[in-house]
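# Inside the fold
Okay, here's what each chain looks like letter by letter:
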Amino acid sequence: MNARTRRLTTAQALVRFLSAQYTERDGVRRRLIAGTWGIFGHGNVAGVGQALLEAGEDVMPFHQGRNEQSMVHAAVGYARQLNRLSAQAVTTSIGPGATNLVTGAALATINRLPVLLLPGDYFASHAPDPLLQQLEHPVEADVSVNDTLRPVSRYFDRITRPEALIPSALQAMRVLADPAETGAVTLALPQDVQAEAYDWPEEFFAERVWYVRRPAPDPVELAAAVEVIRSAGRPLIVAGGGVHHSEAEEALKAFVEATGIPVASTQAGKGSLRHDHPADLGGIGHTGTAVSDDLARTADLVIGVGTRYTDFTTASGTLFQHPEVRFLNLNITGFDAHKLAARTLVCDARSGLEKLLEALSGHRVGQEYEAEYRSGKDRWDEVVEAVYRADDENAVPTQTQVLGALDAAVGDDDVVINAAGSLPGDLHKLWRSRSPRQYHLEYGYSCMGYEIPAGIGVQQAAPGTPVWALVGDGTYLMMPTEIVTAVQEGLPVNIVLIQNHGYASIGGLSQETGGERFGTAYRFRAADGTFTGAPLPVDLAANAASLGMDVLRAKTVRELREALAAARASDRPTCVYVETDPAPTAPPAEAWWDVPVAETASREAAVEARERYDRQVAGRRRHL
C-alpha cells in the first residue's frame, strides 16, 4: 500500500467512510451515521459484519436487532428525535432479510426521515448462480429482491464493483443530509463485492461535513406572501412536521404572538406550540379538535408550514369550505409547497417565519377573531378535562382515562410514541403537548409495530429521557421483538399495553362503512363461523415478562396511576398492562375521512353507509 491509498475490502471501506461523515447546522455538528443496526446472514456476515468487527465500537457502534423492519423503525425514531441531523444504518442479509426492510423504508421516505439501508445482494460475478434466496428472473438477470426497495427509497444503487462505491456513497450522504430530499437511502451490496479488496484513495476517508441548509425565501415570493396575509380576515396556520425538523418552534411562537394568527397542527406538527399557548388550537382534520375544524371551515387563508396536507388533515378535501379560501404554503420542498394550488414560500421553516415576521411588522388579526378562537379553545379544554377525568378510582379505566392518567404522570420532556389503532385519533384530539418532541406520532404510514423499536431509537438519541410506547393488543402482537433489544441494552423504555381484544379502530371504521366489524375482533369462532365467540385466552403481560420486561398489571384507575408512576421511576424496561373498558369515550370525529363504501350491497348496514357516504362526498372541493 502506498502513502495515498489504503487496501481494504469494500465493506471495510464503507464502514470507515461512514464513520467520517458529519452534519452541521447552526454551528452544531453531529455524526451523520451514528451507528449501525444489523442481523447477519450469508449476505452480510462475512462482508459488513466482518468490517464492523474490525472497525470496533469506537469507529462504528453496532446495535443487534431481532427483526429487520423494526431495526428501520428504531433508526427512524432516532433520526426524528434528532431533527434529521443524525441517522443510523441498517445492514441485512439477502433474501427475506432484505425484503423485510421495505415497510420500514416506505415509512422513512413517506415521513421524510433519513435512514441508510445496506442489504446484501446476489453475487455480482454470478459465479454461484442461483444462490440461496436469490430471485431468478427469466429475462432480466440483473433484477434481485432488493429492487423492491427502489420505489420506497430516495436514492438507490447496487454496488457491483468496489470503485463504484465512491461516487455512490457520496450521493447517499448528500440525500440523507438534504432536508428537501431525505428519506430512505439504499446501497445494495453484492456479497462477493463486500469482501473484495481494493486500493482506496485516502481522500475517501477524510472527514466530511454536510451542511444542512436553511434556505431563505425568495424576495418576490415573500412580498406576495405578505400581501396575501395582510388581506386575510380569518387566517389559520397549519403546522406540520417541518416546524419540528427545522427547529422552528420559537420562530412560530414569535410569529403567532406578533400577528395573533392561530395554529392548528397535523399529527407530525403537534407540539409546535405548547398546548396552553392561547393560539394553540390542537389537532386539525378528521382527528382534529372542534375549534380547529370550525375555524378551518371558515378560514379565508390557510398558511401551511412544513405540512404535506394528507387526507386526514384536509378531511379528504372537505374541510376548507370558505368560498374564497386561499392557501400559502411555506415548505422546504417545492413539491409540497405547491399543493392545493397555493402561493408558495419554498424555504426553511425557521428562516421563512422569521422573514415573514419582519415583513409583517405591525400587522395583527382582528380582536373579534382572537376572542372567537380563544373561546373555542377554552370549550375544547373542558371536553379534554371531562374525558380524562375518572370519578371512580376503583373502576376499570377507559382508553381516554388511560391518557388522562399518563398526562398526569409525565414530565414536560417525556416522549410519548404511537402510530396505529384508535390511539392516534384520541391523542391528536386530546393530548396536551408540553414540549416540541413530547408528541411522537408516526402517522405518515401509520405502521403497526413502529412504537416499541422507535422507543429504543428515541432512548438512544436522548439518553435519560423517559419514553412511553403506547400500543394496543393488535400492534403489540405485530412486533414485540425489540423488547429483547431494550432489555439487552438496558434501555428503560416504558410500554403502556392496552388490551381491548381486537382491532378497535378498524372495528369502528368497519361499522361506519357497512362492514359490521367483520374480522376485527380477537375472539374464538362462533357456531356461525364468525369471530364472535369468547375473547382469546392470551396473556400479553406474561409474554412481555417472558421477553425480559418488568410488568405492572393495572385493573383500576388507581392501580394504573400507581403503575405509571412506578414505571417512570424505574431504570428498567417496564410494561404497564391495562385492560380497558371498551365503551368509546373519545369525542366523535369533527370532520370526515373518505373510505369508499360499496356502491351496491344487499346488507342493510352497507346500504345505509353508502347513503351517508354520498352525502359526505358531495362536499369535496378541488382547490384550484
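Keep in mind the model is a prediction, meaning the values are calculated, not measured. (Residues numbered from 1 in each chain as written. Predicted model: local features only at pLDDT ≥ 70, side-chain atom pairs only at ≥ 80, totals over all residues. Heavy atoms only, no water.)

### Description of the overall build of the protein chain
Basically, it comes down to this: Only DSSP runs of H or I with at least four residues qualify as helices, and only runs of E with at least two residues qualify as strands; both kinds are numbered from the N terminus onward. What the globule rule says is 2.2 Å times the number of residues to the power 0.38, and the radius of gyration is computed from C-alpha atoms. Categorising residues by exposure relies on relative accessible area from a 1.4 Å probe, with only protein chains included: less than 20% of the type maximum marks a residue as buried, more than 50% marks it as exposed, and the intermediate range marks it as partly exposed.
Secondary structure assignment for the protein chain yields 24 helices and 23 strands. At 25 Å, the protein chain has a C-alpha radius of gyration in line with the 25 Å of a compact globule built from 624 residues. Dimensions along the principal axes, computed over C-alpha positions, put the protein chain at roughly 75 × 70 × 55 Å. Burial status across the protein chain gives 57% buried among its 624 residues.

### Re the sheet that holds strand β16 (residues 326–331)
We apply this condition: Strand pairing is assigned whenever DSSP identifies at least 2 bridges connecting the two strands. Structural elements are reduced to axes, namely lines fitted to C-alpha atoms, with helices fitted over the stretch in contact, and the angle between N-to-C directions of any two is expressed from 0 to 180 degrees. What makes two residues a contact is simply this: any of their non-hydrogen atoms within 4.5 Å.
With parallel pairing, six strands are arranged side by side in an open sheet as β14-β13-β12-β15-β16-β17. Strands with a single pairing partner mark the edges of an open sheet, and in this sheet they are β14 (280–283) and β17 (343–346). For this sheet the average axis-to-axis angle between neighbouring strands, irrespective of direction, equals 20°. Relative to β17, β16 runs parallel, the two sharing four bridges. For L328, the partnering residue across the bridge sits in β17 and is R343. Contacts from helix α8 (residues 219–230) reach β15 (301–305), β16 and β17, with the element oriented near 130° to β17.

### Some remarks on the sheet that holds strand β19 (residues 439–441)
Here we have six strands laid out as an open sheet, ordered β19-β18-β20-β21-β23-β22, and parallel in their pairing. The outermost strands of the open sheet, each flanked by one partner alone, are β19 and β22 (550–554). Taking the axes of each pair of neighbouring strands and ignoring which way they run, one obtains an average angle of 20° across the sheet. Seen against the sheet, helix α18 (residues 451–461) touches β18 (415–418), β19, β20 (467–472) and β21 (494–499) and runs at an angle of roughly 175° to β20.

### Section: the pattern of salt bridges
Inclusion rule: The term salt bridge refers to a side-chain nitrogen of Lys or Arg lying within 4 Å of a carboxyl oxygen of Asp or Glu.
A full pass over the atoms with the stated rule returns 38 salt bridges. Here R612 and E512 are joined by a salt bridge, their closest N and O atoms 3.3 Å apart. Here R612, found in helix α24 (residues 604–617), pairs with E512, found in helix α21 (residues 504–512); they are 100 residues apart in sequence, far enough to count as distant. Under the relative-accessibility criterion, R612 is labelled partly exposed at 28%. Accessibility expressed as a relative area gives 46% for E512, which makes it partly exposed. A salt bridge links D539 to R553, with the shortest nitrogen-to-oxygen separation between them at 3.0 Å. Taken together, the residues span a long stretch of sequence, with D539 in the loop between α21 and α22 (540–546) and R553 in strand β22 at a distance of 14 residues. Judged by its relative accessible area of 37%, D539 falls in the partly exposed class. Judged by its relative accessible area of 47%, R553 is partly exposed. Each of the salt bridges in this network shares a partner with another, and the network as a whole consists of R274, D276, E385, D407, D412, R432 and R434.

### Notes on unusual backbone geometry
A cis amide bond, omega 5°, links D129 with the succeeding residue P130. By the element assignment, P130 lies in the loop between β7 (115–121) and β8 (155–158). Its identity as a non-glycine residue notwithstanding, Y309 has a phi of 60°, on the positive side. With respect to the helices and strands, Y309 occurs in the loop between β15 and α12 (311–314).

### Some details on the packing of aromatic side chains
What counts is decided by this rule: Two rings belonging to Phe, Tyr or Trp (six-membered ring only in the last case) form a pair when the distance between their centres is within 6.5 Å. Interplanar angles under 30 degrees mark stacking, angles over 60 mark edge-to-face geometry, and anything in between is tilted. In this scheme, the term charge over a ring applies when either NZ of a lysine or CZ of an arginine sits within 6 Å of the ring centre and within 35 degrees of the ring normal.
Overall, the coordinates contain twelve aromatic pairs when judged by the stated rule. When the ring of Y309 is compared with that of F327, the centres are 6.2 Å apart and the planes differ by 90°; the resulting orientation is edge-to-face. On the criterion of sequence distance, the pair formed by Y309 in the loop between β15 and α12 and F327 in strand β16 is long-range, its members being 18 residues apart. What makes F327 buried here is its relative accessible area of 4%. Ring geometry for F312 versus W593: centroids 4.5 Å apart, planes at 65°, classification edge-to-face. Here F312 is found in helix α12, whereas its partner W593 is found in the loop between β23 (574–579) and α24, with 281 residues between them in sequence. Among the residues examined, W593 registers a relative accessible area of 26% and is labelled partly exposed. The structure contains a cluster of three or more aromatic residues connected by ring pairs, namely F17, Y198, W200, F204 and F205. The ring of Y439 is capped by K270, whose NZ or CZ atom sits 5.5 Å from the centre of that ring. Here R553 stacks its cationic end above the ring of Y577, 5.7 Å away from the centre of that ring.

### Considering helix α10 (residues 249–259)
Going by this rule: Here the arc refers to the directions that run from the helix axis out to each C-beta atom.
Among the residues making up α10, those that are buried are E249, A251, L252, F255, V256 and T259. Angular distribution of buried residues about the axis of α10 spans 160°; they occupy a single face of the element. Looking at the buried positions of α10, the neighbouring elements they touch are α8, β12 (235–239), α9 (241–245), β13 (263–265) and α14 (349–359). In the stretch just after α10, G260 is the one whose phi turns positive, near 75°.

### Considering the pairing of β16
Counting buried positions along β16 gives five out of six residues, so the element sits mostly inside the fold. In this sheet, β16 lies alongside β15 in parallel orientation, the contact comprising five bridges. Opposite V302, over in β16, you have F327 as the bridge partner.

### Remarks on the nonpolar core
Inclusion rule: Definition used in this section: a nonpolar core is a set of buried Ala, Val, Leu, Ile, Met, Phe, Trp, Tyr and Cys residues joined via side-chain atoms within 4.5 Å.
Counting 78 residues, the largest nonpolar core has I229, I237, L252, L356, W468 and L470 as its most contacted members. With six residues, the top contributor of residues to this core is helix α15 (residues 367–388). Aside from chain neighbours lying at most four places away, what touches I229 is F255, I261, L301, I303, L328, L356, L360 and H363. Core analysis: the next-biggest nonpolar cluster, separate from the first, contains 35 residues, F17, V59, A89 and F204 among them.

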